[in-house]
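Report on the structure
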Amino acid sequence: MSLDWVPRDHELRDHKLFGDQYWGSDDDAPCVVYTKKPLTNPKSGEEVPGLYVAEIRLNNPRQYNSYTTEMVKGVIAGFGAASGDRSVVAAVFTATGFDAFCTGGNTKEYSEYYSRRPNEYGEYMDLFNGMVDAILMCKKPTLCRVNGMRVAGGQEIGMACDLAFASDLAIFGQAGARHGSAPDGGSTDFLPWMLNMEDAMWNCVSCEMWSAYKMKAKNLISKVVPVIKDGDKWVRNPMIITDKWIEDGEVVYGEYLKDRDAIKAARAQIKEANKSFELLDKEVGKVVWTFANLFPGCVMKSIDGIRAKKKFFWDQAKLPNRHWLMANMNYEAYLGFGAFNTKKITGTDTIDFIKMRQLIAEGAEANDAMFEAVLGKPK
Ligand SMILES: CC(C)(COP(=O)(O)OP(=O)(O)OC[C@H]1O[C@@H](n2cnc3c(N)ncnc32)[C@H](O)[C@@H]1OP(=O)(O)O)[C@@H](O)C(=O)NCCC(=O)NCCSC(=O)C1=CCCCC1=O
C-alpha cells in the first residue's frame, strides 16, 4: 500500500542565518573570500554536477593574512554557510599567497584600538570564540590548507580544523608570550592533544617557529608538500634539513640549516623561486574525494566524535580565557602589541623584558612610568 495519503510538505527550507555581507573579493582585502568550487574526481579530473567544496579564504596578504574584526565575522559566516549548504561536501580553510596562512589577530587593531579598551576586546573575543566554534560545529569535514606560516591565532583556528595539509614553506608556532598575550584561542587546549605534552608546552610558550616537516614528524599535520618548482622538478624547502634523519646522534630532520650564510642563500632562493600549489591542491582534493565517497551521516558522526575531545577543553576554558584576555589588554597586551606595532618607529619589536622583570622585582606599579621604561623609544 502506498503512503501517498500521509500529508507531506516538499518546499525546501532556507536555514541560513546570514547572507554574503561578510565576504569580499580578491580586490577587497582585508576580507574573507567565500567560494564554492566544483567537487572533482582526482583520478579523471571530471567535475561532479551539483556538488561543491566550500573554500573560506583569509585575504589580507599585506599583513600575513591576520584577521581583522570584520574578517572574523567572515570566517563565522563562511563555516556557517558551508555547514548549512546541502550541496557542499567539505570546507577548506586557506589564505591568499605563499607567505602566510595566518599570523593571528591583527596586531595593528589590537594595539591601536583594543588595548586599554578591555570591554571592546571582550566583545571581540566573543566573535573570536564564535569563529573557533563555527569551525568545530561545521557539519562538513574541515580541512586546513596551510598555504604558508600558521602562527599565533592562525595556528589556533588552523588546529580547530579536522585535518591539515601544508606547503613546506609553512612554519608553525605561537607569538603570545612574546607579544603580550596567551595562546588561549585554542592552542592551550588543542596542542597537548596533537603534540606530546613536552612539545606542546615548549611550542606554546617559547614562541619558537617549527618547520612543516618537523610538525609532520610530530603529528600536528597530515601531509607536507613542496611548492617550489624548478622546471618539472619539485624542490623541497632549501632552508630545512629533509635529506637525513640523524646527525651526530641528534634528530635533525625538519630543523633549520645551522649555517647563517646557507640560510641567507636559501631565503633568497625561496624569494626568487617559481611556486605552485599543484601538489597541495592534489592532496586536499584526494582527501575531499575520499569523504565524498563515504556515507555523509556516518562521516560527520565519526568526525564529531573526535572533535568532542578537542571541544572538551576548549569549551571549559573559552569563557574564563575571554575574561582574562580582556583584562590583559590593559597590561601586557598593551605593551606587547604596542611594541610590535611600533617597530618601525622604535627599531625594536618587543619590550625590554629584563627591565620589566627588574621593575616587578622592585614592586613597581604597572603605570605609564613603567610602560615608558620598558617600551622602545622613537628613533
Ligand atoms: C613571526 C612573524 C609571524 C613573522 O615574522 P617576519 O617573517 O619577520 O615578518 P614581519 O616583518 O614581522 O611581518 C611582515 C609584515 O606583516 C605584518 N604582520 C605580521 N603579522 C601581523 C599581524 N598578526 N597583524 C598585523 N600585521 C602583521 C608585519 O607588521 C609586517 O608589516 P610591515 O608593514 O612591517 O611590512 C611576525 O610577523 C609576528 O610575530 N607577527 C605577529 C604575530 C602576533 O603577535 N599575532 C597576534 C597574536 S595574539 C592572537 O592571535 C590571539 C588570538 C586569539 C586569542 C587571543 C590572541 O591573542
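Residues numbered from 1 in each chain as written. Predicted model: local features only at pLDDT ≥ 70, side-chain atom pairs only at ≥ 80, totals over all residues. Heavy atoms only, no water.

In the annotation of an unreviewed UniProt entry, the protein is listed under the name 6-oxocyclohex-1-ene-1-carbonyl-CoA hydratase and assigned to Dethiosulfatarculus sandiegensis.

Here the focus is the side chain of arginine 150. With respect to the helices, strands and loops of the structure, arginine 150 is situated in strand β6 (residues 149-151). No salt bridge is formed by the buried arginine 150; the nearest opposite charge belongs to glutamate 156, separated by 11 Å. Within the local environment of arginine 150, its side chain forms a polar contact with the side chain of glutamine 155, the two groups lying 2.7 Å apart. (Helix = DSSP H or I, 4+ residues; strand = E, 2+ residues; numbered from the N terminus. Buried < 20%, exposed > 50% of the residue type's maximum accessible area, 1.4 Å probe, protein only. Lys, Arg positive; Asp, Glu negative; His and termini not counted. Salt bridge = Lys/Arg side-chain N within 4 Å of Asp/Glu carboxyl O. Polar contact = N/O pair within 3.5 Å; in protein donor to acceptor, adjacent residues only side chain to side chain.)

Further remarks concern the environment of threonine 103. Of note, threonine 103 is situated in the loop between β4 (100-102) and α2 (107-114). Sequence separation between threonine 103 and tyrosine 64 is 39 residues; the distance between their C-alpha atoms is 6.0 Å. Once residues lying within four places of it in the same chain are set aside, the contact partners of threonine 103 are Gln63, Tyr64, Asn65, Ser66, Met149, Val151, Ala152 and Gly154. (Contact = heavy atoms within 4.5 Å.)

The subject of this paragraph is the packing of α2 against helix α3 (residues 118-137). One can describe the packing of α2 onto α3 by two numbers: an axis separation of 10 Å at closest approach and a directional angle of 145°. Along the contact surface, α2 presents Glu109, Tyr110, Tyr113 and Tyr114, while α3 presents Pro118, Glu120, Tyr121 and Tyr124. For the contact of α2 with α3, the class distribution of residues is six nonpolar, no polar and two charged. (Axes fitted to C-alpha atoms, helices over the stretch in contact; angles between N-to-C directions. Nonpolar A, V, L, I, M, F, W, Y, C, P; charged D, E, K, R; others polar.)

It is worth spelling out helix α14 (residues 353-361) at this point. In an α-helix, one turn spans 3.6 residues; hence positions three or four apart end up facing the same way. The opening residue of α14 is aspartate 352, an N-cap whose side-chain oxygen sits 3.3 Å from the backbone nitrogen of isoleucine 354. Two residues or fewer after α14 comes glycine 363, characterised by a positive phi angle close to 75°.

Another point: the pairing of strand β3 (residues 88-95). Counting buried positions over the eight residues of β3 gives eight, a clear majority of the element. Pairing geometry for strand β2 (residues 47-59) and β3, over seven bridges, is parallel. Paired with leucine 58 across the bridge in β3 is alanine 95. Between β2 and its parallel partner β3, the chain crosses via helix α1 (residues 69-84), and the hand of that crossover is right-handed. In the sheet, β3 pairs with strand β5 (residues 142-146) via three bridges, with the strands oriented parallel. (Pairing = 2+ DSSP bridges. Right-handed = clockwise from strand over helix to strand, strands pointing away.)

Moving on to the pattern of salt bridges. By the definition in use, this model includes 21 salt bridges. The partner of aspartate 304 in a salt bridge is arginine 307, with the nearest N and O atoms 3.4 Å apart. Here aspartate 304 pairs with arginine 307, and both are found in helix α11 (residues 296-328), just three residues apart, close to one helical turn. For aspartate 304, a relative accessible area of 22% gives the class partly exposed. What makes arginine 307 buried here is its relative accessible area of 1%. Via salt bridges that share partners, Asp26, Lys37, Glu55 and Arg57 belong to a single interconnected network.

In this section: the site of the ligand. Around the ligand, the structure places 26 residues, and the nearest of them are Thr103, Gly105, His179, Ser181 and Lys343. Note that a nitrogen atom of the ligand is positioned 3.2 Å from one of the side-chain N or O atoms of serine 66. Take lysine 344: an N or O atom from its side chain is 2.9 Å from an oxygen atom of the ligand. Calculation on the ligand without its partners gives an accessible area of 1000 Å², and the protein chains cover 76% of this total. Mapped onto the shell around the ligand, the elements with two or more residues apiece are α2, α3, α4 (153-159), α12 (332-341) and α13 (343-346). In the shell around the ligand, the residues fall into 11 nonpolar, 11 polar and four charged. (Near = heavy atom within 4 Å. Areas by Shrake-Rupley, 256 points an atom, 1.4 Å probe, with all protein chains shown as cover.)

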